[in-house]
Amino acid sequence: MGNATTHTYGKAGIRAMIAEERRELADLFDGLRPDQWEEPSLCAGWRVREVAAHMSTGFRLSLPATIRELVRARGSLHRMTDRVARREAAACSATELAAFLREGAHHPWTPPVGGIRAALGHDVVHGLDVTVPLGLDRRVPEERLRVLLDGIRPAGLRFFGADVDGVRLCAEDLDWSYGSGVPVYGTAQDLLLLAFGRRLPAGRLRGEASSRFTAA
(Lines give C-alpha, C1' and ligand atoms only; values in the text may rest on other atoms or scores of the structure.)
Protein backbone atom coordinates (compact mmCIF):
# COMPACT_ATOMS: atom_id res chain seq x y z
CA MET A 1 0.00 0.00 0.00
CA GLY A 2 2.75 2.46 0.96
CA ASN A 3 4.76 1.85 -2.20
CA ALA A 4 1.59 2.17 -4.26
CA THR A 5 0.89 5.56 -2.70
CA THR A 6 4.39 6.80 -3.40
CA HIS A 7 4.11 5.53 -6.97
CA THR A 8 0.73 7.24 -7.39
CA TYR A 9 2.05 10.68 -6.51
CA GLY A 10 5.69 10.20 -7.52
CA LYS A 11 8.66 11.80 -5.83
CA ALA A 12 7.99 15.10 -7.59
CA GLY A 13 4.43 15.08 -6.31
CA ILE A 14 5.50 14.43 -2.73
CA ARG A 15 8.18 17.13 -2.96
CA ALA A 16 5.46 19.54 -4.08
CA MET A 17 3.40 18.54 -1.02
CA ILE A 18 6.41 19.22 1.22
CA ALA A 19 6.93 22.66 -0.30
CA GLU A 20 3.27 23.56 0.13
CA GLU A 21 3.23 22.29 3.71
CA ARG A 22 6.26 24.38 4.63
CA ARG A 23 4.88 27.52 3.01
CA GLU A 24 1.49 27.09 4.66
CA LEU A 25 3.04 26.53 8.07
CA ALA A 26 5.32 29.54 7.61
CA ASP A 27 2.23 31.65 6.94
CA LEU A 28 0.57 30.18 10.02
CA PHE A 29 3.63 30.95 12.17
CA ASP A 30 3.64 34.52 10.88
CA GLY A 31 0.08 34.88 12.18
CA LEU A 32 0.73 33.65 15.74
CA ARG A 33 0.52 36.04 18.65
CA PRO A 34 3.67 36.45 20.80
CA ASP A 35 2.10 34.52 23.66
CA GLN A 36 1.26 31.57 21.39
CA TRP A 37 4.95 31.10 20.61
CA GLU A 38 5.50 30.37 24.31
CA GLU A 39 2.74 27.76 24.61
CA PRO A 40 3.66 24.07 25.07
CA SER A 41 3.52 21.86 21.98
CA LEU A 42 2.78 18.15 21.74
CA CYS A 43 6.56 17.54 21.70
CA ALA A 44 7.45 16.91 25.33
CA GLY A 45 9.48 19.78 26.76
CA TRP A 46 9.22 21.99 23.70
CA ARG A 47 7.23 25.15 23.25
CA VAL A 48 5.86 26.18 19.87
CA ARG A 49 9.08 28.17 19.46
CA GLU A 50 11.33 25.09 19.76
CA VAL A 51 9.20 23.12 17.32
CA ALA A 52 9.39 25.90 14.75
CA ALA A 53 13.15 26.17 15.20
CA HIS A 54 13.60 22.41 14.84
CA MET A 55 11.59 22.24 11.63
CA SER A 56 14.19 24.12 9.59
CA THR A 57 17.46 23.11 11.25
CA GLY A 58 17.70 19.95 9.15
CA PHE A 59 18.27 22.01 6.02
CA ARG A 60 20.06 24.95 7.65
CA LEU A 61 22.86 22.98 9.30
CA SER A 62 25.64 21.83 7.02
CA LEU A 63 26.78 18.21 7.20
CA PRO A 64 30.02 19.12 9.04
CA ALA A 65 28.03 21.21 11.54
CA THR A 66 25.58 18.36 12.04
CA ILE A 67 28.41 15.92 12.70
CA ARG A 68 29.98 18.32 15.22
CA GLU A 69 26.64 18.67 17.02
CA LEU A 70 26.20 14.90 17.07
CA VAL A 71 29.68 14.44 18.56
CA ARG A 72 28.89 17.04 21.22
CA ALA A 73 25.75 15.07 22.05
CA ARG A 74 27.85 11.88 22.43
CA GLY A 75 26.13 10.28 19.46
CA SER A 76 22.58 10.83 20.71
CA LEU A 77 20.35 12.18 17.94
CA HIS A 78 17.71 13.05 20.54
CA ARG A 79 20.13 15.12 22.64
CA MET A 80 21.47 16.80 19.53
CA THR A 81 18.08 17.85 18.16
CA ASP A 82 16.94 19.05 21.58
CA ARG A 83 20.05 21.15 22.15
CA VAL A 84 19.99 22.68 18.66
CA ALA A 85 16.26 23.44 18.82
CA ARG A 86 16.60 25.21 22.16
CA ARG A 87 19.62 27.19 20.99
CA GLU A 88 17.97 28.28 17.73
CA ALA A 89 14.70 29.10 19.49
CA ALA A 90 16.57 31.41 21.84
CA ALA A 91 18.70 33.01 19.14
CA CYS A 92 16.09 33.65 16.42
CA SER A 93 13.01 35.82 16.32
CA ALA A 94 9.57 34.44 15.46
CA THR A 95 9.76 36.23 12.11
CA GLU A 96 13.09 34.59 11.33
CA LEU A 97 11.86 31.11 12.28
CA ALA A 98 8.89 31.44 9.93
CA ALA A 99 11.11 32.81 7.15
CA PHE A 100 13.57 29.90 7.47
CA LEU A 101 10.77 27.44 6.79
CA ARG A 102 9.43 29.43 3.85
CA GLU A 103 12.87 29.92 2.29
CA GLY A 104 13.57 26.19 2.62
CA ALA A 105 10.28 25.12 1.06
CA HIS A 106 12.00 23.33 -1.83
CA HIS A 107 15.07 22.10 0.05
CA PRO A 108 15.64 18.38 -0.64
CA TRP A 109 16.51 17.50 2.99
CA THR A 110 15.25 14.17 4.30
CA PRO A 111 15.62 12.65 7.79
CA PRO A 112 18.35 10.04 8.40
CA VAL A 113 15.84 7.24 7.77
CA GLY A 114 12.60 7.09 5.83
CA GLY A 115 13.40 9.10 2.72
CA ILE A 116 11.06 11.58 1.11
CA ARG A 117 7.92 10.26 2.82
CA ALA A 118 9.61 10.81 6.18
CA ALA A 119 10.40 14.40 5.20
CA LEU A 120 6.71 15.01 4.54
CA GLY A 121 5.83 13.33 7.84
CA HIS A 122 8.36 15.50 9.67
CA ASP A 123 6.67 18.68 8.46
CA VAL A 124 3.06 17.55 8.77
CA VAL A 125 3.40 16.05 12.25
CA HIS A 126 5.41 18.94 13.68
CA GLY A 127 2.83 21.31 12.24
CA LEU A 128 0.15 19.38 14.12
CA ASP A 129 2.35 19.45 17.23
CA VAL A 130 1.72 23.20 17.15
CA THR A 131 -1.82 23.59 15.85
CA VAL A 132 -3.51 20.95 18.02
CA PRO A 133 -2.49 22.30 21.45
CA LEU A 134 -3.12 25.86 20.28
CA GLY A 135 -6.65 24.87 19.25
CA LEU A 136 -6.15 26.01 15.66
CA ASP A 137 -8.48 24.30 13.22
CA ARG A 138 -5.97 23.63 10.46
CA ARG A 139 -6.83 20.63 8.28
CA VAL A 140 -3.96 18.91 6.54
CA PRO A 141 -4.94 18.24 2.90
CA GLU A 142 -6.17 14.71 2.33
CA GLU A 143 -3.51 13.71 -0.21
CA ARG A 144 -0.73 14.47 2.29
CA LEU A 145 -2.46 12.48 4.99
CA ARG A 146 -2.96 9.50 2.69
CA VAL A 147 0.72 9.37 1.75
CA LEU A 148 1.62 9.23 5.44
CA LEU A 149 -1.17 6.98 6.69
CA ASP A 150 -0.57 4.45 3.93
CA GLY A 151 3.08 4.33 4.97
CA ILE A 152 2.44 3.31 8.58
CA ARG A 153 4.33 0.11 9.39
CA PRO A 154 5.15 -1.79 12.61
CA ALA A 155 8.80 -0.67 12.48
CA GLY A 156 7.77 2.98 12.32
CA LEU A 157 5.32 2.58 15.18
CA ARG A 158 8.06 1.03 17.32
CA PHE A 159 10.48 3.80 16.39
CA PHE A 160 8.06 6.45 17.65
CA GLY A 161 6.96 4.42 20.68
CA ALA A 162 3.36 4.04 19.52
CA ASP A 163 1.88 0.88 21.06
CA VAL A 164 -1.20 -0.04 19.04
CA ASP A 165 -1.29 -3.73 19.94
CA GLY A 166 -4.88 -4.93 20.20
CA VAL A 167 -6.22 -1.70 18.68
CA ARG A 168 -7.73 -0.85 15.32
CA LEU A 169 -7.30 2.79 14.34
CA CYS A 170 -10.38 3.99 12.45
CA ALA A 171 -10.48 7.37 10.72
CA GLU A 172 -13.83 9.13 10.91
CA ASP A 173 -13.18 11.48 8.00
CA LEU A 174 -11.33 9.18 5.57
CA ASP A 175 -11.78 5.61 4.39
CA TRP A 176 -8.78 4.35 6.33
CA SER A 177 -8.02 2.00 9.20
CA TYR A 178 -5.03 0.18 10.59
CA GLY A 179 -4.52 -2.79 12.89
CA SER A 180 -6.96 -5.16 14.55
CA GLY A 181 -8.73 -5.22 17.87
CA VAL A 182 -10.70 -2.66 19.86
CA PRO A 183 -11.54 0.32 17.63
CA VAL A 184 -10.19 3.78 18.40
CA TYR A 185 -11.90 6.51 16.38
CA GLY A 186 -10.61 9.94 15.49
CA THR A 187 -9.85 12.24 12.59
CA ALA A 188 -7.19 11.01 10.20
CA GLN A 189 -4.71 13.64 11.31
CA ASP A 190 -5.26 12.86 15.00
CA LEU A 191 -4.65 9.17 14.30
CA LEU A 192 -1.50 10.14 12.42
CA LEU A 193 -0.28 11.95 15.54
CA LEU A 194 -1.07 8.85 17.57
CA ALA A 195 1.00 6.71 15.16
CA PHE A 196 3.90 9.13 15.62
CA GLY A 197 3.84 8.57 19.37
CA ARG A 198 1.95 11.67 20.44
CA ARG A 199 -0.57 11.77 23.27
CA LEU A 200 -3.57 13.86 22.33
CA PRO A 201 -5.67 16.26 24.38
CA ALA A 202 -8.75 14.72 25.97
CA GLY A 203 -11.86 14.50 23.83
CA ARG A 204 -10.19 14.08 20.45
CA LEU A 205 -10.41 10.27 20.31
CA ARG A 206 -13.29 7.86 20.90
CA GLY A 207 -13.41 4.22 21.94
CA GLU A 208 -12.76 2.27 25.11
CA ALA A 209 -9.00 2.16 24.45
CA SER A 210 -8.71 5.85 23.61
CA SER A 211 -7.36 6.73 27.07
CA ARG A 212 -4.14 4.88 26.14
CA PHE A 213 -3.39 7.67 23.70
CA THR A 214 -4.70 10.66 25.65
CA ALA A 215 -2.53 13.07 27.62
CA ALA A 216 -3.00 13.04 31.38
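Figured I'd write up the structure that's included with this text. (Residues numbered from 1 in each chain as written. Predicted model: local features only at pLDDT ≥ 70, side-chain atom pairs only at ≥ 80, totals over all residues. Heavy atoms only, no water.)

### Description of helix α7 (residues 115-134)
Residue pairs spaced three or four apart in an α-helix point in one direction, given the helix's 3.6 residues per turn.
Right, so step 1: Between its first and last C-alpha atoms α7 spans 29 Å; for 20 residues at 1.5 Å apiece the expected length is 28 Å, and the two agree.
Right, so step 2: Once α7 ends, the next one or two residues include Gly135, with phi positive near 75°. (Helix = DSSP H or I, 4+ residues; strand = E, 2+ residues; numbered from the N terminus. Expected span 1.5 Å × (residues − 1).)

### Describing the packing of helix α8 (residues 142-149) against helix α10 (residues 188-195)
Right, so step 1: Look at α8 against α10: their axes get within 10 Å of each other, and the N-to-C directions meet at 35°. The chirality of how α8 crosses α10 is left-handed. In this structure, α8 contributes Leu145, Leu148 and Leu149 to the contact, and α10 contributes Ala188, Gln189 and Leu192.
Right, so step 2: Within the contact of α8 with α10, the residues separate by chemical class into five nonpolar, one polar and no charged. (Axes fitted to C-alpha atoms, helices over the stretch in contact; angles between N-to-C directions. Left-handed = near helix turned anticlockwise from the far one by under 90°. Contact = heavy atoms within 4.5 Å. Nonpolar A, V, L, I, M, F, W, Y, C, P; charged D, E, K, R; others polar.)

### Notes on helix α6 (residues 94-103)
Right, so step 1: Residues of α6 that are buried include every one of Leu97, Ala98 and Leu101, and no others. When α6 is viewed along its axis, its buried side chains cluster within an angular range of 95° and face the same direction. Among the exposed residues of α6, those pointing more than 90 degrees away from its buried face are Thr95 and Glu103. (Buried < 20%, exposed > 50% of the residue type's maximum accessible area, 1.4 Å probe, protein only. Arc of directions from axis to C-beta.)

### Comments concerning the environment of Leu134
Right, so step 1: Position of Leu134 relative to the elements: it lies in helix α7.
Right, so step 2: Judged by relative accessible area, which is 17%, Leu134 ranks as buried.
Right, so step 3: In sequence terms Leu134 and Glu39 are 95 residues apart; their C-alpha atoms lie 7.5 Å from each other.
Right, so step 4: The contact partners of Leu134, leaving out residues within four places of it in the chain, are Leu32, Gln36, Glu39 and Val48.

### A short note on the packing of aromatic side chains
Right, so step 1: Tallied over the entire structure, the rule returns three aromatic pairs.
Right, so step 2: Seen from their ring centres, Phe29 and Trp37 are 5.6 Å apart, and the 50° between their planes marks the pair as tilted. In this pair, the class of Phe29 matches that of Trp37, namely buried.
Right, so step 3: On the numbers, 4.5 Å between centres and 35° between planes, the contact of Phe160 with Phe196 is tilted. Of this pair, Phe160 sits in the loop between α9 (154-159) and β1 (167-171) while Phe196 sits in the segment after α10, and the two are 36 residues apart along the sequence.
Right, so step 4: Three or more aromatic residues joined by ring pairs form one cluster here, namely Phe159, Phe160 and Phe196.
Right, so step 5: Seen from the ring of Phe100, Arg60 lies directly overhead, with NZ or CZ sitting 3.9 Å from the centre. (Phe/Tyr/Trp six-rings, centres within 6.5 Å; stacked < 30°, edge-to-face > 60°. Lys NZ or Arg CZ within 6 Å of the ring centre and 35° of its normal.)

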